Amino acid sequence: MKLTMRLGVRSYDIIIKRGVLKRVGQLVNLNRRVLVVSDTGVPKKYIKTILAQCGQGVPVVLPQGEESKSLARYGEVLGAMVEHGFTRGDAVLALGGGVVGDLAGFAAASYMRGVAFINCPTTTLSQIDSSIGGKTAINLNGVKNTVGAFYQPALVAADPDTLKTLPERHFVNGLAEAVKAGIIADEALFELFETEDVCENIEEIIYRSLVMKKNVVEQDERESGLRAVLNFGHTLGHAIESANHLGDLYHGECVALGMLPMIEQPSLRRRVRAVYKKLGLPSRIRYDGDAICEFIRHDKKAGADGMVTVVRAPRLGEARLDRLTMDELRAIVKEGVR
Ligand SMILES: NC(=O)c1ccc[n+]([C@@H]2O[C@H](COP(=O)([O-])OP(=O)(O)OC[C@H]3O[C@@H](n4cnc5c(N)ncnc54)[C@H](O)[C@@H]3O)[C@@H](O)[C@H]2O)c1
Ligand SMILES: [Zn+2]
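Residues numbered from 1 in each chain as written. Chains lettered and ligands numbered in written order. Predicted model: local features only at pLDDT ≥ 70, side-chain atom pairs only at ≥ 80, totals over all residues. Heavy atoms only, no water.

A.B. asks: I'd like to hear about the site of ligand 1, residue by residue, with values.
C.D. replies: Looking at ligand 1, there are 24 residues lining it, with D39, Q64, E66, T122 and T123 nearest. Taking D102, its side chain carries an N or O atom lying 2.9 Å from a nitrogen atom of ligand 1. Its free accessible area being 870 Å², ligand 1 has 88% of it covered by the protein chains. Broken down by class, the residue content of the shell around ligand 1 amounts to six nonpolar, 11 polar and seven charged. (Near = heavy atom within 4 Å. Polar contact = N/O pair within 3.5 Å; in protein donor to acceptor, adjacent residues only side chain to side chain. Areas by Shrake-Rupley, 256 points an atom, 1.4 Å probe, with all protein chains shown as cover. Nonpolar A, V, L, I, M, F, W, Y, C, P; charged D, E, K, R; others polar.)

A.B. asks: Now, about the environment of K44: what can you tell me, with residues and values included?
C.D. replies: In this fold, K44 is placed in helix α2 (residues 44–51). According to the relative accessible area criterion, K44 is exposed, its value standing at 66%. Along the chain, K44 and V217 lie 173 residues apart, while their C-alpha atoms are 33 Å from each other. (Helix = DSSP H or I, 4+ residues; strand = E, 2+ residues; numbered from the N terminus. Buried < 20%, exposed > 50% of the residue type's maximum accessible area, 1.4 Å probe, protein only.)

A.B. asks: Can you tell me about the pattern of salt bridges, naming the residues and giving the values?
C.D. replies: On inspection of all chains with the given rule, the structure shows 25 salt bridges. In this structure, the salt-bridge partner of R330 is D327, at a minimum N-O distance of 3.0 Å. With R330 and D327 both in helix α13 (residues 326–337) and three residues apart, this pair spans about one turn of that helix. Residue R330 is classed as partly exposed on the basis of its relative accessible area of 23%. The exposed category is assigned to D327, whose relative accessible area is 56%. One network of salt bridges, with partners in common, ties together R18, D161, K164 and E203. (Salt bridge = Lys/Arg side-chain N within 4 Å of Asp/Glu carboxyl O.)

A.B. asks: If you had to explain the layout of surface pockets to someone new, which residues and values would you point to?
C.D. replies: Empty space within the second largest pocket amounts to approximately 160 Å³. For the second largest pocket, the full set of lining residues is G19, L21, K22, K45, Y46, T49, D159, D161, T162, K164 and T165. Split into classes, the residues belonging to the lining of the second largest pocket amount to two nonpolar, four polar and five charged. (1 Å grid on protein atoms, 1.4 Å probe; cavity = no way out; pocket = protein on both sides within 12 Å on 5 of 7 lines; lining within 4 Å. Points joined across faces, edges and corners; volume = space filled by probe spheres on them.)

A.B. asks: Explain unusual backbone geometry residue by residue, including any values.
C.D. replies: In this model, M112 sits at a positive phi of 50 degrees, which is unusual for a non-glycine residue. If you check the backbone angles, N141 has positive phi at about 50 degrees while not being a glycine. Assignment of secondary structure puts N141 in the loop between β7 (135–140) and β8 (143–150).

A.B. asks: Outline the domain arrangement of the protein, listing residues and values.
C.D. replies: Structurally, the protein comprises domain 1 (2–165) and domain 2 (168–337). Here the C-alpha centre of domain 2 lies 26 Å away from the C-alpha centre of domain 1. Across the contact, 24 residues belong to domain 1 and 26 residues belong to domain 2. Carbon and sulfur atoms supply 63% of the area that domain 1 and domain 2 bury against each other, a total of about 2300 Å² over both sides. If you look at where domain 1 meets domain 2, you find two salt bridges. Where D129 meets K213, a salt bridge forms, and the shortest distance between an N and an O atom there is 2.6 Å. (Domains from an automatic or database assignment. Contact = heavy atoms within 4.5 Å. Buried area = accessible area lost by both parts, 1.4 Å probe.)

So, in structure tokens, the structure goes:
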């Protein structure tokens, strides 16, 4: 399956196909210096598959985990490019999850003011979510995604076969973003989760999720308005993620929990819970509603007037932006816990 992101001169293709990792060189020029950025969790065989297609491939393997989205690792990646004489005509290829994609993408955006960026996402989350949108970033002083750039790739090649080696919980984690896409914009996608086998339909699930994000991003590339609907589940999800800082919930799991109170119909909420159960996503968590609301108030999303914008789903396939007072938010958050 192929999707073309239409962003004028920054247009690019996203290929979602089993086995595409072996054919990246047929889709984009790898016959140059290519910095292949991956991490220690990415199976070596994928790195070999890519290097075999590169004219002059330079592998950089970072320690796995969010900590690699740091200024120090960013410097290392750029340093490797200087050391190997990378010029403006060369390329950076990300081979891994969102961590590798965000870091490598930012390195590509900034090295010599921008070299070609090729993204080969290998986690469910990165195939479903971060392969579209052009956001790249690193963390700084403990704050996530503080420094980065909007930078579009030259090509995204997502090979669903690579998900076979992903630990089950990471596989499921990324699906939460696809469930989100279904709830806010694609009834058929949501129903697919209810009735079909997820592994058998993974290509379709990735594709439909990306189509949803594509439609939104093409209309609002730099997140000035409409793109805010993609934050469905995230305002509360981020608060849960932070409150759970020392716990062990993944991003997608927090988003899954964060979506529930923002679903207005109890009947739809029940259906969503049933899907979570089928997939293995958490559907209930005990949290302190006041502490969560306090976090949201402090988070950048709370305006000077004390109002917060949240995304709510009035019914399946629809999203709406709501400006709420803290009291209104508290009531929703507390009710959603039950
Ligand atoms: N740019 C965006 O639009 C965007 C969107 C969402 C998330 N993100 C970022 O993405 C990051 C999270 O991404 P993630 O969930 O992919 O995490 P991740 O990149 O840390 O990958 C999860 C783990 O899976 C391992 N792994 C990767 N591919 C594998 C494979 N095929 N087989 C076995 N193991 C494999 C990795 O080594 C890592 O340990 C966060 O930093 C988040 O901020 C960015
Ligand atoms: Zn997310």
